Amino acid sequence: MSFRNLILSLAVVLTLAFSLAPQQSAAQNSTNAYAIVEGWAKLPGGRVMGAVGKAKVDPDGRHIWAIVRCDAGPELFGSECVNSDLDPILKFDPDGNVVESFGGGMFIWPHGLDVDEDGNVWVSDAVSDNNIPAGDDRGHYVVKFSSTGEVLITLGTPGEEGDGPDHFTSPADIAVAANGDVFIADGHNNNGNNRVVKYNSAGEYLMSFGETGYAPGEFRALHAIAISPDGRLFVGDRSNSRIQIFDLDGNHQATWTQFGRPSGIAFDGNGRIYVADSESDNVQNPGYEMGIRIGEYETGWVHEFIRFPWADPNILPGNGAEFVTVDDEGNVYGGEPVPNPHLNARALRKYIRVRP
């Protein structure tokens, strides 16, 4: 092969490689097409907004379910509901009013949430073992509720950590497939179980995969789990600053780093993935900022970035939207569990598109 042909061949290879690689340029693009709807979420009876956990759109595409961890201040972060009977599971209408609530007294640190196609609500208690009071039988479990709060299924052994089919250690999140299979991200800590556990719709154990580590199929703090409309399992491997993608049998398919340090993952019906990054800073993930990245879930290309307005990579630990969901109109909702240093407040924020 001549030198000229060699150069041309290399150019073709490089062009093809670039076209297939996930787009990185928008991952830090501060151009924001969204604006905050101030004061959208309103709690009844003068209740104070507590730390906000995961949020998820209802099957009707309009209402928003969210975890609000009672009303304790940041001094109880990690166990906000330990001494509270306030309902931590709230359903908001499109105007931000609470129209349903339940779960009071059942959780110490409610964290993950999913709503299945029948409208049932699944919630995890990700409290660390050292935050469970002696003799308390809450924590380390997942509860399936009806849409009005009736307990239907309990997975795990309440109050007991472990790694078998019937135990979790700080389960962080839940994803329910269209056929009813349930995937639990177990768990929240860097050195916890670091596995995904799969059950059928009746709560019967099917399989698990994953362990602590850095290689493909290994995890360090599974913080989010979600199933894309095309049937792939997306896992927010937060302390490894990456998303790992699997089929529903646990086979590793891809690893993405272009969405920052993922705390929350959501999808819409138009091919988009939304990833909340609440921890990228100059120590934990230098070169990235906190915010919500929006891209294509098929290709991984990042197109938009909702920069957290008060983002400062020098403020540790991170703050901002830790959880994200999107309604059928394209409005984005971010759950903030940590008071930001400028407003000293936790929030469930609504973002609306103001530019094409």
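Residues numbered from 1 in each chain as written. Predicted model: local features only at pLDDT ≥ 70, side-chain atom pairs only at ≥ 80, totals over all residues. Heavy atoms only, no water.

S.K.: An account of the layout of surface pockets is needed here, citing residue identities and associated values.
M.R.: The computed volume of the largest pocket comes to approximately 850 Å³. Those elements giving two or more residues to the lining of the largest pocket turn out to be β2 (51-57), β6 (110-115), β10 (171-176), β14 (222-227), β18 (264-267), β19 (272-277) and β22 (323-326). Tallied by class, the residues present in the lining of the largest pocket amount to 21 nonpolar, seven polar and twelve charged. (1 Å grid on protein atoms, 1.4 Å probe; cavity = no way out; pocket = protein on both sides within 12 Å on 5 of 7 lines; lining within 4 Å. Points joined across faces, edges and corners; volume = space filled by probe spheres on them. Helix = DSSP H or I, 4+ residues; strand = E, 2+ residues; numbered from the N terminus. Nonpolar A, V, L, I, M, F, W, Y, C, P; charged D, E, K, R; others polar.)

S.K.: Describe unusual backbone geometry, with residues and values.
M.R.: Residue Gly-187 is bonded to the preceding Asp-186 through a cis peptide linkage, with omega at 20°. Its place among the elements puts Gly-187 in the loop between β11 (182-186) and β12 (195-199). One non-glycine residue, Ser-241, adopts positive backbone phi at about 55°. With respect to the helices and strands, Ser-241 occurs in the loop between β15 (233-237) and β16 (242-246).

S.K.: How would you summarise the pairing of strand β8 (residues 141-145) if you had to cite specific residues and measurements?
M.R.: Extensive coverage of β8 is indicated by the burial of five of its five residues. The two faces of β8 match: Tyr-141, Val-143 and Phe-145 on one face and Val-142 and Lys-144 on the other face are all buried. Pairing geometry for strand β7 (residues 121-125) and β8, over five bridges, is antiparallel. The residue bridging Trp-122 from the neighbouring strand is Lys-144, located in β8. Here β8 pairs with strand β9 (residues 151-155) via four bridges, running antiparallel. Note on β9: the bridge partner recorded for Val-142 is Leu-155. Counting the residues that bridge the hairpin from β8 to β9 gives five residues, and of these Gly-149 lies at a positive phi of roughly 100°. (Buried < 20%, exposed > 50% of the residue type's maximum accessible area, 1.4 Å probe, protein only. Pairing = 2+ DSSP bridges.)

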